[in-house]
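Descriptive structure summary
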Amino acid sequence: MATDEEFKLMYGLIASIKSFVARLSPMELKEGFQSFGTDKYRLHFYESPTSIKFLMTSDLAAVSLKDLLMQIYLIYTETVCRNVLVPARGRMIDSQMFITRLETLVQQSPHFASKS
Amino acid sequence: MSAKGKAPLLDNNKVNADLIKLTYGALVAQILKDYEKPEDVNKQLEKLGYNIGVRLVEDFIAHHNIPRCLDFRQTAERVQQAFRFYLGFQPAVGNWAPTGNEFSLIWDNTNPIGDFVEFPDNLRTLQYSRVLCGAIRGGLEMVQIDVAITIAKEFLLGDQATELRIRFNKRLEDALPIGED
């Protein structure tokens, strides 16, 4: 599947789950949809108040990656948002600093080590 | 005691507030040279502020771990807080409309970015603080709040305070791209 198609599909999936989850809930949701699991993997979701969406797949051992995704948001603001040369939204992130810091963060995460 | 709230920022990553004020003044002067009409300058300043706000809000939320606001009063507090973080001292929040959808940010006897400004009489339509309005509007738009902002009082034009009036328009909904479902 083309990456482009995959993005669209994922966007649709997230949008649908979000609205579905909100409609099923008898009460006002605070966090809303956070992750779903299959027998092989888990998909984690975090949305900043500014509607930037962060997604990550993991093995089943990682129950919640919300903190990790929030830290990624922090890196994003520091390396991408603060760079005035990058358009604010809607572009592929090609900042080397972002990638390096992201890799370091994820590899240091306890969830990363639990693989072995 | 008089310097309270104006302590110099010793953090290496931050710049002195006076430097910002002087730079902004120079920038306004240059835009005025380029565009000539104060009305056009106001538009440019609003745009400038908007672009600042759109990015600044990400920084603010990510670093201070700000949860979503539940009502407009909380929003007002957050805006106030943001001013403290990024401009060094905060405005007062007041003059709430009875309906609760309109408030003012007030800086008594000062303009937060206009310490070194003297206004010539022929430029009275120039809105020096427009950049602040733009920044607030841009920031709030990113968190799905649409506001309209007017400058109610301007210290630089002889008023007792600088007052920005912020009116809640509507909540913006997450729009799906066209053709997606």
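Structure: above.
So, here is what we can say about the structure in this document. What you see is a predicted model; the values in this text were computed from it and never measured.

**Digging into the environment of Ser 19 of chain A**
Along the chain, Ser 19 of chain A falls in helix H1 (residues 3–24). Here the alpha-carbon distance between Ser 19 of chain A and Gly 32 of chain A, two residues 13 residues apart in the chain, equals 9.3 Å.

**Quick notes on the sheet that holds strand S1 (residues 35–37) of chain A**
Residues and elements named next belong to chain A. On the basis of which strands lie adjacent, the open sheet formed by 3 strands has the order S1-S2-S3 and antiparallel pairing. The open sheet has two edge strands with one neighbour each: S1 and strand S3 (53–58). For this sheet, the mean inter-axis angle between neighbouring strands, taken without regard to orientation, is 10°. Bridge count between strand S2 (residues 42–47) and S3: 6 bridges; the pairing is antiparallel. When the bridges of S3 are listed, Arg 42 appears paired with Ser 58. Relative to the sheet, H1 contacts S1, S2 and S3, its axis offset from that of S2 by approximately 75°.

**Section: helix H4 (residues 130–142) of chain B**
Residues and elements named next belong to chain B. A rise of 1.5 Å per residue sets the reference length of H4, with its 13 residues, at 18 Å; its end C-alpha atoms lie 19 Å apart and thus fit the reference within 8%. Taken residue by residue, H4 has Arg 130, Val 131, Leu 132, Cys 133, Gly 134, Ile 136, Gly 138, Gly 139, Leu 140 and Met 142 as its buried positions. Along its buried surface, H4 packs onto helix H1 (17–35), helix H2 (38–64), helix H3 (72–87), strand S2 (102–108), strand S3 (145–153) and strand S4 (161–171). At the C-terminal side of H4, Gln 144 shows a positive phi close to 65°.

**Considering the sheet that holds S2 of chain B**
All names here are of chain B. Spatially, the 4 strands line up as an open sheet ordered S1-S2-S4-S3, and their pairing is antiparallel. This sheet does not close on itself; its edge strands, each paired only once, are strand S1 (92–94) and S3. When strand polarity is set aside, the average angle formed by the axes of neighbouring strands in this sheet is 25°. Pairing analysis gives 8 bridges linking S3 to S4, with the strands arranged antiparallel. Following the sheet pairing, Asp 146 is matched in S4 by Lys 170. Packing of H3 onto the sheet brings it into contact with S1, S2, S3 and S4, and relative to S2 it is tilted by some 25°. Across the sheet, H4 is in contact with S2, S3 and S4; its angle to S3 comes to roughly 165°.

Rules of the game
Residues numbered from 1 in each chain as written. Chains lettered and ligands numbered in written order. Predicted model: local features only at pLDDT ≥ 70, side-chain atom pairs only at ≥ 80, totals over all residues. Heavy atoms only, no water. Helix = DSSP H or I, 4+ residues; strand = E, 2+ residues; numbered from the N terminus. Pairing = 2+ DSSP bridges. Axes fitted to C-alpha atoms, helices over the stretch in contact; angles between N-to-C directions. Contact = heavy atoms within 4.5 Å. Expected span 1.5 Å × (residues − 1). Buried < 20%, exposed > 50% of the residue type's maximum accessible area, 1.4 Å probe, protein only.

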